[in-house]
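# Reading the structure
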Amino acid sequence: MRHFAAPANDSVFGFCSILRTFHISTKLWRRSCTTHSICHATKSKEELLVVVGGGAAGVYGAIHAKTVAPHLSVVVIEKGKPLSKVKISGGGRCNVTNGHCVDNMILAENYPRGHKELRGSFFNIHGPADTMSWFASHGVELKVEDDGRVFPVSNSSSSIIDCLMSEVKQRGVSLQTRKAVAAISILSGGKFLLEIQQHTSVHVERVEADYLLIASGSSRQGYTLASQLGHSIVDPVPSLFTFKIEDLCLRELSGVTFPKVKVRLKLDSVQKNIPKLTQVGPMLVTHWGLSGPVILRLSAWGARLLFSSSYKGKLFVDFIPDLHVETLKSILSHHKLQYAKQKVLNSCPPEFGLTKRFWSYVLERQGLSGDVLWASMSNSSLMSIGSLLKDCIFEVTGKGQFKDEFVTAGGVPLSEISLNTMESKVCPRLFFAGEILNVDGVTGGFNFQNAWSGGFIAGTTIGGLALESCIGLK
Ligand SMILES: Cc1cc2nc3c(=O)[nH]c(=O)nc-3n(C[C@H](O)[C@H](O)[C@H](O)COP(=O)(O)OP(=O)(O)OC[C@H]3O[C@@H](n4cnc5c(N)ncnc54)[C@H](O)[C@@H]3O)c2cc1C
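Residues numbered from 1 in each chain as written. Predicted model: local features only at pLDDT ≥ 70, side-chain atom pairs only at ≥ 80, totals over all residues. Heavy atoms only, no water.

As recorded in an unreviewed UniProt entry, the chain goes by the name FAD-dependent oxidoreductase 2 FAD binding domain-containing protein, listed as coming from Vigna angularis var. angularis. UniProt, in its Cofactor (unreviewed entry) section for the chain, records the words "FAD". (UniProt positions renumbered as here; feature names shortened; annotations may be inferred.)

What follows covers the overall build of the chain. Secondary structure assignment for the chain yields 16 helices and 21 strands. Its C-alpha atoms give the chain principal-axis dimensions of about 95 × 40 × 35 Å. By residue count, 53% of the 474 residues in the chain fall in the buried class. Here the analysis covers contacts within the chain between residues at least 6 apart in sequence; of these, 73% occur between residues at least 24 apart. When the accessible surface of the chain is split by element, carbon and sulfur atoms take 56% of a total near 20,800 Å². When the 50 positive and 38 negative side-chain charges of the chain are each reduced to one mean point, those points stand 2 Å apart. (Helix = DSSP H or I, 4+ residues; strand = E, 2+ residues; numbered from the N terminus. Buried < 20%, exposed > 50% of the residue type's maximum accessible area, 1.4 Å probe, protein only. Contact = heavy atoms within 4.5 Å. Areas by Shrake-Rupley, 256 points an atom, 1.4 Å probe, with all protein chains shown as cover. Lys, Arg positive; Asp, Glu negative; His and termini not counted. Charge placed at Lys NZ, Arg CZ, Asp CG, Glu CD.)

The next thing to look at is the confidence of the model for the chain. Per-residue pLDDT for the chain averages 90, and the proportion of residues at 70 or more is 90%. Confidence drops under a pLDDT of 50 for residues 1–44, and excluding neighbours within four residues, the segment shows 59 contacts in the predicted structure. (pLDDT = per-residue confidence, 0-100.)

Ordered in space as β12-β15-β14-β13-β16-β17, the six strands form a closed barrel in which the pairing is antiparallel. Put simply, the sheet's adjacent strands are angled 50 degrees from each other on average, direction ignored. Pairing between strand β16 (residues 313–318) and strand β17 (residues 392–401): five bridges, direction antiparallel. Considered in β17, the bridge of F316 is made with I393. Packed on one face of the sheet, helix α11 (residues 293–301) meets β12 (241–245), β13 (257–266), β14 (278–285), β15 (289–291) and β16 and runs near 130 degrees to β14. (Pairing = 2+ DSSP bridges. Axes fitted to C-alpha atoms, helices over the stretch in contact; angles between N-to-C directions.)

UniProt's feature table lists "domain: RsdA/BaiN/AoA(So)-like Rossmann fold-like" (unreviewed entry) at residues 49–460, given in the numbering used throughout. Taken as a whole, residues 49–460 contains 33% helix and 26% strand, while its terminal C-alpha atoms sit 12 Å from one another.

We now examine the UniProt feature "domain: RsdA/BaiN/AoA(So)-like insert" (unreviewed entry) in the chain. The UniProt record annotates "domain: RsdA/BaiN/AoA(So)-like insert" (unreviewed entry) at residues 237–407. Strand forms 27% of residues 237–407 and helix 32%; the C-alpha atoms that close the span are 9 Å apart.

All right, on to the state of the cysteines then. Under the counting rule described, the total for this entry stands at zero disulfides. A disulfide-free cysteine, C249 has its sulfur positioned 11 Å from the sulfur of C392, the nearest such atom. Exposure remark for C249: the relative accessible area of 31% places this residue in the partly exposed category. (Disulfide = S-S within 2.5 Å.)

It is worth spelling out the pattern of salt bridges at this point. Taken as a whole and judged by the stated rule, the model has 18 salt bridges. Between E145 and R149 there is a salt bridge, with the nearest N and O atoms lying 3.6 Å from each other. Relative accessible area serves as the criterion here: at 26%, R149 is assigned to the partly exposed category. Note that E395 and K314 form a salt bridge whose closest N and O atoms lie 3.2 Å from each other. Placement of the pair is E395 in strand β17 and K314 in strand β16, with a sequence separation of 81 residues. The exposure class assigned to E395 is partly exposed, which follows from its relative accessible area of 41%. Shared partners join several salt bridges into a network, and the residues in it are R93, K143, E145, D147 and R149. (Salt bridge = Lys/Arg side-chain N within 4 Å of Asp/Glu carboxyl O.)

So, on to unusual backbone geometry. Backbone geometry places L240, a non-glycine residue, at a positive phi of 65 degrees. As for its position among the elements, L240 is in the loop between β11 (234–239) and β12. Unusually for a residue other than glycine, M422 sits at a positive phi of about 70 degrees. The buried category is assigned to M422, whose relative accessible area is 0%.

Here we have three strands laid out as an open sheet, ordered β7-β8-β9, and antiparallel in their pairing. The strands lining the two open edges of the sheet, one partner per strand, are β7 (179–186) and β9 (204–209). Here the strands of the sheet are splayed against their neighbours by 25 degrees on average, with no regard to which way each runs. Pairing geometry for β7 and strand β8 (residues 192–198), over seven bridges, is antiparallel. Residue pairing in the sheet places I184 in a bridge with L194 of β8.

Looking now at the packing of helix α3 (residues 56–68) against helix α7 (residues 128–137). Any two packed helices are characterised by how steeply their axes cross, that is the angle between the axes, and by the distance between the axes. Across the interface, α3 lies against α7 with an axial gap of 14 Å and an inter-helix angle of 75 degrees. The angle between α3 and α7 falls in the class roughly perpendicular. Contact residues: Y60, I63 and H64 in α3; T131, W134 and F135 in α7. Among the residues forming the contact of α3 with α7, the class breakdown is four nonpolar, two polar and no charged. (Parallel < 35°, antiparallel > 145°, perpendicular 65-115°, else oblique. Nonpolar A, V, L, I, M, F, W, Y, C, P; charged D, E, K, R; others polar.)

For the rest of this paragraph, the subject is the site of the ligand. Neighbouring the ligand are 34 residues, the closest being A57, E78, D404, E435 and F448. The backbone of A57 places a nitrogen or oxygen atom 3.0 Å from an oxygen atom of the ligand. Between V181 and the ligand, the recorded distance is 3.0 Å, taken from a backbone N or O atom to a nitrogen atom. If the ligand stood free it would expose 1,000 Å²; the protein chains cover 95% of that surface. When the residues that make up the shell around the ligand are grouped by side-chain class, the tally is 13 nonpolar, 13 polar and eight charged. (Near = heavy atom within 4 Å. Polar contact = N/O pair within 3.5 Å; in protein donor to acceptor, adjacent residues only side chain to side chain.)

Next up on the list: the packing of aromatic side chains. Within the structure shown, the criterion is met by 18 aromatic pairs. Relative to F243, the ring of F241 has its centre 6.3 Å away and its plane inclined at 45 degrees; by these criteria the two rings are tilted. Overall, F241 belongs to the buried group, its relative accessible area being 3%. Residue F243 is classed as buried on the basis of its relative accessible area, which comes to 1%. Centroid distance F448 to W452: 5.6 Å. Interplanar angle 25 degrees. Geometry classified as stacked. Here F448 and its partner W452 are both found in helix α16 (residues 446–470), four residues apart, which amounts to about one turn of the helix. (Phe/Tyr/Trp six-rings, centres within 6.5 Å; stacked < 30°, edge-to-face > 60°.)

Given below as structure tokens:
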């Protein structure tokens, strides 16, 4: 029988809520034991899993624990609203996962923190294809967009939330919101003693749990709980952000996109060559500076270095990465001959594929008048255009916000976790999943995939242990 210790100064409401919780779980236990009477007959002890955090990892983990071990009492404690990040994710569409990485080795390359460790069992146990088939088999139609991002066909994150909430209800997971797990200690028998605070009262509930899954995302409180249980924390820093660039002329290009540029980040504090600080992909000019997939990827790989450089550095952009500098020069020379009588501003070499707005920026930045004829362009002017297009330098002066997605790098180190079970190596029966771990992905659905995979592995492992315990194997 599970033990709830009410504090001495417990309010009537608080105590009633304990009794109610207890009553609900007893009812669930009875109900599940009618279908699983073998468990009840073998061992009448009811076990409890408490999940800290009702985000993607916690809810998915709870559902899977209950799927494997329906007799196990599963309670999710969520301090705010459940699945709140899922709701706002991907601009309200929820980029559930990524459908372009069939090979798990390539998939792992999308995690600046975790790329080495996640090459192993993690995605083999539950990868993007498993996530997609789970949602599909639970009634959510998904689509893979050209860039690999997977969304619900409805284009609404509500489809994902409704699916998960319906499973929570159907499986009998108890989801308790507006309550925060404030402290955790380990009792002499190895159980966890949790102190749970209600949002609207000073009342503290004390609950003993047999299994604990901490899936508290990037919350400070979650890191404190992990520390209380003996884990270390890699300092959290933001990842996935845009670059602020102080350049008034660039600001006028706001909205201009480049389908393929090559960017290289140079930070004063970093002398050695770091290959991941060079990225290729689409870029977008914003009102504040630069954004788009290539910048977000760079921000993720450089998250820690940028943090220690106070988000200041130099960005070298090659606007035409598919053309060698010599080819580019010869295109400019030919263009000069062929369009000698045309004004430079009105005639940009089509091979460059540049917009007129950007071409005008290039000329202005190099101090060249667009009103002169190509015939009067000197060789040094052609060279200066060529060098700007191949190696344009921008001063990064800070970080901006990418509203569609952001994550935290840092958290519980993966070296302290067994990735094939998600169990702590420090504390038995303690599990972690999701963003609380020192794992973060680039944009494109990889962060949710970390939450689904970790939640699945932790949930099914806990379910398996509860089954073993139920039939008296442990
Ligand atoms: C605006 C935005 C958009 C995003 N879009 C995408 C996207 O489209 N695709 C993608 O892959 N990723 C996206 N991400 C990242 C993704 O949302 C996260 O990686 C993912 O939500 C992590 O899941 P989690 O369950 O680990 O943590 P969370 O979703 O953060 O859930 C943790 C939960 O724990 C609760 N909690 C914390 N401490 C306690 C406590 N002590 N007691 C009780 N409850 C507690 C919190 O309230 C929270 O609800 C986005 C992130 C943001 C901010």
